[in-house]
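Coordinate analysis (summary)
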Amino acid sequence: MVSGIAIILCSAASYHRKRKQINRQTFQASTRLIRFLTLTLLVIGLALAILLYVLLFPAP
């Protein structure tokens, strides 16, 4: 839940910053946010996959 809130806040800040840059015609694409979101979603996905595996195949 915390990472979801962080993603929303980072995305909103990024949107407003990019909008100003586009209006001033000084926009330069950044990949930092994309990398952060990709890694965050990858970690969450792996954690959920492990949790699902543990729940479906409990140790004897």
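Please refer to the structure higher up on the page.
Just so we're clear, the structure is a prediction, and the values are computed from it rather than from any experiment. Every chain is numbered independently, its residues counted from 1 as its sequence is written. Thresholds applied to this predicted model are a pLDDT of at least 70 for local features of residues and 80 or more for the giving and counting of side-chain atom pairs; totals over whole chains, interfaces and linings are not thresholded and use all residues. Where side-chain values are given, they derive from all heavy atoms of the structure, hydrogens and water being excluded.

**Focus on the overall build of the chain**
Within the chain, the secondary structure is distributed over two helices and zero strands. Computation of the radius of gyration draws on C-alpha atoms alone. For the globule rule, the value is 2.2 Å times the number of residues to the power 0.38. A compact globule built from 60 residues should have a C-alpha radius of gyration of about 10 Å, whereas the chain, at 17 Å, is more than 25% larger. Seen through its C-alpha atoms, the chain measures out along the principal axes to roughly 65 × 20 × 10 Å. Throughout, exposure labels follow a simple rule: accessible area from a 1.4 Å probe, protein chains only, divided by the maximum for the residue type, with under 20% read as buried, over 50% as exposed, and the rest as partly exposed. Within the chain, the fraction of its 60 residues that count as buried is 7%. Secondary structure counts use DSSP, requiring at least four H or I residues in a row for a helix and at least two E residues in a row for a strand, with both numbered from the N terminus.

**With respect to the environment of tyrosine 15**
The topology assignment puts tyrosine 15 in helix 1 (residues 2-24). C-alpha of tyrosine 15 to C-alpha of proline 58: the two residues are 43 residues apart in sequence and 44 Å apart in space.

**Thoughts on the packing of helix 1 against helix 2 (residues 32-56)**
Fitted lines through C-alpha atoms serve as axes, helices being fitted only where they are in contact, and the angles separating the N-to-C directions of these axes extend from 0 to 180 degrees. Orientation of helix 1 relative to helix 2, taken along the N-to-C sense of each, is 165°, at an axis distance of 11 Å. For the element pair helix 1 / helix 2, the angle class is roughly antiparallel. Crossing angle aside, the handedness with which helix 1 passes helix 2 is left-handed. Between helix 1 and helix 2, the residues in contact are Ser3, Ile7, Cys10, Ser11 and Ser14 and Leu33, Phe36, Leu37, Thr40 and Ile44, respectively. Gly is put with the polar residues, along with every residue not named as nonpolar or charged; the nonpolar set is Ala, Val, Leu, Ile, Met, Phe, Trp, Tyr, Cys and Pro, and the charged set is Asp, Glu, Lys and Arg. A per-class count over the contact of helix 1 with helix 2 returns six nonpolar, four polar and no charged. By definition in this entry, angles of less than 35 degrees are roughly parallel, angles greater than 145 are roughly antiparallel, angles of 65 to 115 are roughly perpendicular, and the rest are oblique. Crossing chirality is assigned from the near helix's rotation relative to the far helix, an anticlockwise turn below a right angle marking it left-handed and a clockwise turn marking it right-handed. By definition in these notes, contact holds between two residues if any of their heavy atoms fall within 4.5 Å.

**Regarding unusual backbone geometry**
In this structure, glutamine 25 takes a positive phi of about 60° despite not being glycine. Structurally, glutamine 25 is set in the loop between helix 1 and helix 2.

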